Amino acid sequence: MSMPDASVAPLYELSVTRLMDVSRAIVWRAWTEHLTEWWCPKPWTTEVIANDMRPGGRSAMIMRGPNGEESAMEGVFLEVIPGEKVVFTNAFTKGWIPQAPFMIGIMTFADEDGKTRYVGSARHWDQAAMEQHAAMGFVDGWSVVAEQLEAVARGLV
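Our subject in this report is the structure included herewith. Being a predicted model, the structure only gives us computed values, none of them experimental.

Along the chain, Arg 123 turns up in strand β9 (residues 115-123). For the pair formed by Arg 123 and Ile 106, sequence separation is 17 residues and the distance between their alpha carbons is 8.0 Å. Ignoring any residue separated from it by four or fewer positions in sequence, one finds Arg 123 in contact with Leu 11, Tyr 12, Glu 13, Phe 102, Met 103, Ile 104 and Ile 106. For Arg 123, the side chain forms a polar contact with the side chain of Glu 13, separated by 2.6 Å.

By the element assignment, Ala 100 lies in the loop between β7 (97-98) and β8 (104-112). Classification of Ala 100 as exposed rests on a relative accessible area of 68%. When the C-alpha atoms of Ala 100 and Leu 11 are compared, they prove to be 18 Å apart, with 89 residues separating the residues in sequence.

A few words on the side chain of His 34. Its location among the elements puts His 34 in the loop between α1 (24-33) and β2 (45-51). Here His 34 falls in the buried class, since its relative accessible area comes to 17%. At 2.6 Å, the side chain of His 34 and the side chain of Glu 37 are in polar contact. Beyond its immediate stretch of four places on either side in the chain, His 34 contacts Arg 29, Val 152 and Leu 156.

Cut-offs used in this document
- Residues numbered from 1 in each chain as written.
- Predicted model: local features only at pLDDT ≥ 70, side-chain atom pairs only at ≥ 80, totals over all residues.
- Heavy atoms only, no water.
- Helix = DSSP H or I, 4+ residues; strand = E, 2+ residues; numbered from the N terminus.
- Contact = heavy atoms within 4.5 Å.
- Polar contact = N/O pair within 3.5 Å; in protein donor to acceptor, adjacent residues only side chain to side chain.
- Buried < 20%, exposed > 50% of the residue type's maximum accessible area, 1.4 Å probe, protein only.

Below, the structure is given as structure tokens:
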């Protein structure tokens, strides 16, 4: 059996990019140490249950809306390169227990003229999941989250 060629197979990817006027080290610090302050668009809040940022480490949180809505997120980190990249998925829970997958999240951080180029991407298993995520407001939501991340990072300078 051969694996699909990613250069030919569709990635079903959505992404947002933002050039942040803050150093990469400070953006990374905001990402790793202040997650509850920026993870979901306000007025939603985030409760972090676990954030074991290493390959195989558990990621678990509950996002809460202003009208009592709750959205639990459970997954694992696949790759963490400090200051550069975070890859996670909800296809597994702690201990590599499979669950119905929705996406793989990829966040990258790169130096660009004294600033930080941040890219947040979500790859989906199929077209339908990608379209569902887009309809849920991916671009607006993840753009607001990137703005909030930058604001938190600026506050750390």
